[in-house]
Amino acid sequence: MQQESIYNLIPKEYVPPPKEPMYRSAYPSGLTPTGSTFNNHTTSRPKVNNINGNFELVRGPHTHKGQSNSLGRPKGSYKPDSTMFRLKNTGTMGSNQLPEVQQYKYPPSVRPPVPKKDEKPIHGLKSNKNFIVTNAVENILSAPKQIVDEKPWTEKKDYGKVPDYLTKIQQSISSEYEIIRNMHISEAEEMDKQKYLMTQEEVEQLKKGLKKKWESVNKEYQSITHIRMIDTVGLKRKKEQCEKELAQLEKDIEKLNKNYVFVDTQK
């Protein structure tokens, strides 16, 4: 009986089987195809030829093979030409000289060497030790684990104090709030700079201009309203436009009646 060993995994030397003789068919190579219609156009026998599979047929005025029909190149064209070969220094990579042969140096090995084929390990080693009894005896004779008394939480140094990570988080949140508050203040100051306070003389002058504009639009509106029938599209649009302008002018005049009038310079 063969023993189990890792060395049995080594593959054995391959012995090639003897080569069989070359196959040669029992039928002649020039036999007329059986039941074929491809070669009847060159013969005087129409339809299907050689139904019986005879080796020799009665030849007519034409053979079943064409005189110039062939597969591939004509015979003799595959013969190699002894003058057509790659000459020296005519390759696409320039010089065909091989590099100098250098001896390969193996890196230093840290692991122990692999055992040789003849160095087989010792088989069949057995131990008489009873592991169950040994384990029980060791557990019985071993000293018990000592339980360390931990201090209660109320007697520890950091009891009742805020943890450091909470103070850091609170500081980061307060710094973020401070940055946002400063951004809002700077935006408000920038908006105040864009506003311009009009003087009382400028407000009065603007009021006069708006009132003149209102009078001219109102005059035009009154001329349209005295017409009995507004039956054209142009008059209707003109009346609606005058009404919108009068309403907007009245709102603007009402805004100028305030104590302070600011003008946005960005619009």
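None of the values given here were measured: they were computed from a predicted structure.

Digging into the overall build of the protein chain
Here's step 1: Counting its regular elements, the protein chain contains four helices and two strands.
Here's step 2: Start at the N end of the protein chain and walk to the C end: the helices and strands fall as α-α-β-α-α-β.
Here's step 3: Each of the 267 residues in the protein chain was classed as buried or not, and the buried ones make up 10%.
Here's step 4: Within the protein chain, contacts between residues separated by at least 24 positions form 46% of all contacts whose residues are at least 6 apart in sequence.

Some thoughts on the packing of aromatic side chains
Here's step 1: If you walk through the whole model with that rule in mind, you get one aromatic pair.
Here's step 2: Taking 4.9 Å as the distance between ring centres and 90° as the angle between the ring planes, the aromatic pair formed by tyrosine 104 and tyrosine 106 counts as edge-to-face.
Here's step 3: Taking the ring centre of tryptophan 153 as reference, the NZ or CZ of lysine 156 above it sits at 3.8 Å.

As for the layout of surface pockets
Here's step 1: Here the largest pocket defines a volume of roughly 240 Å³.
Here's step 2: If you trace the largest pocket, you find it lined by Met198, Leu206, Asp252, Lys255, Leu256, Lys258, Tyr260, Val261, Phe262 and Val263.
Here's step 3: When contributions to the lining of the largest pocket are tallied by element, the ones reaching two or more residues are helix 4 (233–255) and strand 2 (262–264).
Here's step 4: In the lining of the largest pocket, the residues fall into seven nonpolar, no polar and three charged.

A look at the packing of helix 3 (residues 200–225) against helix 4
Here's step 1: Between helix 3 and helix 4, the shortest axis-to-axis distance is 9 Å and the interhelical angle comes to 150°. In terms of orientation, helix 3 and helix 4 fall into the roughly antiparallel class. With respect to the hand of their crossing, helix 3 and helix 4 are arranged in left-handed fashion. For the pair helix 3 and helix 4, contact is made by Leu210, Lys211, Lys213, Trp214, Val217, Asn218, Glu220, Tyr221 and Ile224 and by Leu235, Lys238, Lys239, Cys242, Glu243, Glu245, Leu246, Leu249, Glu250, Asp252 and Ile253, respectively.
Here's step 2: Split into classes, the residues belonging to the contact of helix 3 with helix 4 amount to ten nonpolar, one polar and nine charged.

Examining the confidence of the model for the protein chain
Here's step 1: Mean pLDDT over the protein chain: 80, with 85% of residues reaching 70 or higher.
Here's step 2: When pLDDT is averaged over each element of the protein chain, helix 1 (residues 131–141) comes out on top at 91 and strand 2 at the bottom at 72.

Examining the nonpolar core
Here's step 1: Formed by Met198, Val203, Leu210, Val217, Tyr221, Ile224, Cys242, Leu246, Leu249, Ile253, Leu256 and Val261, the largest nonpolar core amounts to twelve residues.
Here's step 2: Listed by contribution, the elements that provide at least two residues to this core are helix 3 and helix 4.
Here's step 3: At five residues, the largest contribution of residues to this core is made by helix 3.
Here's step 4: Once residues lying within four places of it in the same chain are set aside, the contact partners of methionine 198 are Val203, Leu206, Val261 and Val263.

Considering the side chain of lysine 207
Here's step 1: Tracing the chain through its elements places lysine 207 in helix 3.
Here's step 2: Not counting residues within four places of it along the chain, the set of residues in contact with lysine 207 comprises Leu256 and Asn257.

Points about the pattern of salt bridges
Here's step 1: Going through the model one piece at a time under the given rule, you end up with two salt bridges.
Here's step 2: Here lysine 238 and glutamate 220 are joined by a salt bridge, their closest N and O atoms 3.2 Å apart. Of this pair, lysine 238 sits in helix 4 while glutamate 220 sits in helix 3, placing them 18 residues apart in sequence.

Thresholds applied
- Residues numbered from 1 in each chain as written.
- Predicted model: local features only at pLDDT ≥ 70, side-chain atom pairs only at ≥ 80, totals over all residues.
- Heavy atoms only, no water.
- Helix = DSSP H or I, 4+ residues; strand = E, 2+ residues; numbered from the N terminus.
- Buried < 20%, exposed > 50% of the residue type's maximum accessible area, 1.4 Å probe, protein only.
- Contact = heavy atoms within 4.5 Å.
- Phe/Tyr/Trp six-rings, centres within 6.5 Å; stacked < 30°, edge-to-face > 60°.
- Lys NZ or Arg CZ within 6 Å of the ring centre and 35° of its normal.
- 1 Å grid on protein atoms, 1.4 Å probe; cavity = no way out; pocket = protein on both sides within 12 Å on 5 of 7 lines; lining within 4 Å.
- Points joined across faces, edges and corners; volume = space filled by probe spheres on them.
- Nonpolar A, V, L, I, M, F, W, Y, C, P; charged D, E, K, R; others polar.
- Axes fitted to C-alpha atoms, helices over the stretch in contact; angles between N-to-C directions.
- Parallel < 35°, antiparallel > 145°, perpendicular 65-115°, else oblique.
- Left-handed = near helix turned anticlockwise from the far one by under 90°.
- pLDDT = per-residue confidence, 0-100.
- Core = buried A, V, L, I, M, F, W, Y, C linked by side-chain atoms within 4.5 Å.
- Salt bridge = Lys/Arg side-chain N within 4 Å of Asp/Glu carboxyl O.

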